[in-house]
Amino acid sequence: MALLEKFRQLAEAHEALVRTSTDPFRVTIERILSPTEAIVNGRQMILAGTNNYLGLTFDPECLDAAARAVYEQGTGTTGSRMANGSFSGHAALEHELADFYGRRWCVVFSTGYLANLGVISALTGKEDVILIDADCHASIYDGCRMSGAEVIRFHHNDPGDLHKRLRRLGERCTNTLIIVEGIYSMLGDQAPLSEFVALKKEYGAYLLLDEAHSLGVLGEQGRGLSEAAHVESGIDFIVGTFSKSLGATGGFCVSDHDEMELTRYVSRPYIFTASLCPSVIASTRAALRILQTRPELRTRLWNNARRLYDRLKELGFKLGPTLSPIVAALFERREEAIGFWNGLLEQGVYVNMILPPAAPEGGSLLRCSISAAHTEEQIDRICQAFESLRGS
Amino acid sequence: MTRYEEILLQLYEILKPFAKDGQSLSEDTELLSDLGLESMKVMQLLLETEERFDISIPLNIIPNVRTVGDFARQIEQLTEQR
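As a convention, each chain's residues are numbered from 1 in the sequence order in which they are written. Whichever chain is written first is A, and whichever ligand is written first is 1; the rest continue in order. Totals for whole chains, interfaces and linings use every residue, but because this is a predicted model, local features are given only for residues with pLDDT of at least 70 and side-chain atom pairs only at 80 or more, for both listing and counting. With hydrogens and water set aside, each side-chain value is computed from the structure's full complement of heavy atoms.

### Let's talk about the overall build of chain B
Point 1. When helices and strands are counted, chain B shows three helices and zero strands.
Point 2. For the purposes of this entry, the term helix denotes a DSSP run of H or I that reaches at least four residues, the term strand denotes a run of E that reaches at least two, and both are numbered from the N terminus. Counting from the amino terminus, helix and strand elements in chain B follow one another as α-α-α.
Point 3. Radius of gyration here uses only the C-alpha atoms, and the compact-globule reference equals 2.2 Å multiplied by the residue count raised to the power 0.38. The C-alpha atoms of chain B give a radius of gyration of 12 Å, which matches the 12 Å a tight globule of 82 residues would have.
Point 4. Judged by the C-alpha coordinates and their principal axes, chain B covers about 35 × 30 × 20 Å.

Structure, rendered in structure tokens:
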């Protein structure tokens, strides 16, 4: 097969999709109006697929911090921290995140994707084993591949299956890293974390928790599922992102293991990437302060999520198993999901469409992510759009 | 009967539901081109095989498995390591 031949099948699938649908992979936001509204295809849309859980992308404190940083420190760092050095903001953000989690160490990465790649590939190598929940994010799978470790999947959210696989590993358990997520991005369900922590302790393994979708969303202080489940001390490594509740881009890992600090010297995704630009660091620091001082944002987020989840359930949609700011409507047929997604766009509601094989169990999803910045009226308009398309 | 042959027989049983009507299975049967196993079905096959042999199959072996015979040899190694 010639080099570019493999793209033919992809091109055919793409052409077939866009014959009957707006191209879901090339939606352009022509003008962003607020955390929850934008002009798309010349039409004003309610944005219900942004992961902007606390709605901080237009918060005045975050905007001011970012703008000041641009004027004072310039638009970019133009290189990696290893080569060009760190700006004081990088180090300050790491200290603030470590303090927030009550951990000794924090390393910041340029994206959440790179955080998983960087941490997993630094912690594990050929002699080690990684046990991952089957529904983990692609960045975790890619980090596993990069590490060269033996990678074994266990059934999603199934402590019994994890137990069985730890038992099979025997003495190798002390060389094993278990990886789970706080809230899963597709269906919004949560890991049974206390049971996973008990297992990792019983077998002497290590546990990495990705709180990308749970930071700022769960826990009284917003520290995520580990806080909500009261098992923070049982988690060896917490990975998170700045691109959801913190409204920017970037990622991090916190830990009490002193070796965390040494990962900087071996983590290729940390070493060979340009560091985060000053404005992103500044707005993230402001957002982290807001996350800690305005718990009412979390209350509003959950009220909004409940309003949408309950109403869609009442309307008969098959939803993810638990209430969450990720409200996913499940469709058995791909074509049905595509038709519905286009219908929502026509009604001024933008959600994420997830088609096989990206969705769990081969189904299709229309995934809404709710924000504290949504108004009740906006949530009601989303519900009305779903209702009007039901059965169509 | 060797251990490899025993494993092959068990694999034929597991793979029977994946085979097209009247399709016979041999150690040279290719999982992708002959049985048409795409990624979701491969995952299902792995789960069923893990249960049958009480082993965990690392994802790393997948690129080395083209035929039923390749799969049997990998399982043979994994069961020996137990």
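Let's pick the thread back up.
### Quick notes on the packing of aromatic side chains
Residue and element names in this part refer to chain A.
Point 1. Between 30 and 60 degrees the pair is tilted, below 30 it is stacked and above 60 it is edge-to-face, where a pair is any two Phe, Tyr or Trp rings, Trp via its six-membered ring, whose centres lie within 6.5 Å. Considering all chains together, one arrives at ten aromatic pairs over all chains under this definition.
Point 2. Note on Phe100 and Tyr101: the rings are 5.0 Å apart at their centroids and 70° apart in plane angle, and the pair reads as edge-to-face.
Point 3. Using a 1.4 Å probe on the protein chains alone, a residue whose accessible area is under 20% of its type maximum counts as buried, one over 50% counts as exposed, and one in between counts as partly exposed. Phe100 gets classed as buried once you look at its relative accessible area, which sits at 6%.
Point 4. Between the aromatic rings of Phe331 and Phe340, the centroid separation amounts to 5.2 Å while the plane-to-plane angle is 50°, which identifies the pairing as tilted. Here Phe331 matches Phe340 in class, with each residue buried.
Point 5. Taken together, the ring pairs in this structure connect Phe100, Tyr101, Phe242 and Phe252 into an aromatic cluster.

### A short note on the sheet that holds strand 3 (residues 43-47) of chain A
Residue and element names in this part refer to chain A.
Point 1. When DSSP finds at least two bridges between two strands, those strands are taken to pair. Read across the open sheet, the four strands follow the order 1-2-3-12; overall the sheet is mixed. The open sheet has two free edges, formed respectively by strand 1 (29-34) and strand 12 (349-350), since each of these has just one partner strand.
Point 2. Taken together, the four bridges between strand 1 and strand 2 (residues 37-40) define a ladder with antiparallel strand orientation. If you follow Ser34 over to strand 2, its bridge partner there is Glu37.

### Some thoughts on helix 4 (residues 88-101) of chain A
All names here are of chain A.
Point 1. One less than the residue count of a helix, multiplied by 1.5 Å, gives the span that helix is expected to have. Relative to the 20 Å expected for 14 residues at 1.5 Å per residue, helix 4 spans 20 Å between its end C-alpha atoms, a close match to the ideal helical length.
Point 2. Among the residues making up helix 4, those that are buried are Gly89, His90, Ala92, Leu93, Glu94, Leu97, Ala98, Phe100 and Tyr101.
Point 3. Elements that come into contact with the buried residues of helix 4 comprise helix 3 (81-84), strand 4 (105-109), strand 9 (237-241), strand 10 (251-255) and helix 12 (278-293). We call two residues contacting when some pair of their heavy atoms lies within 4.5 Å.

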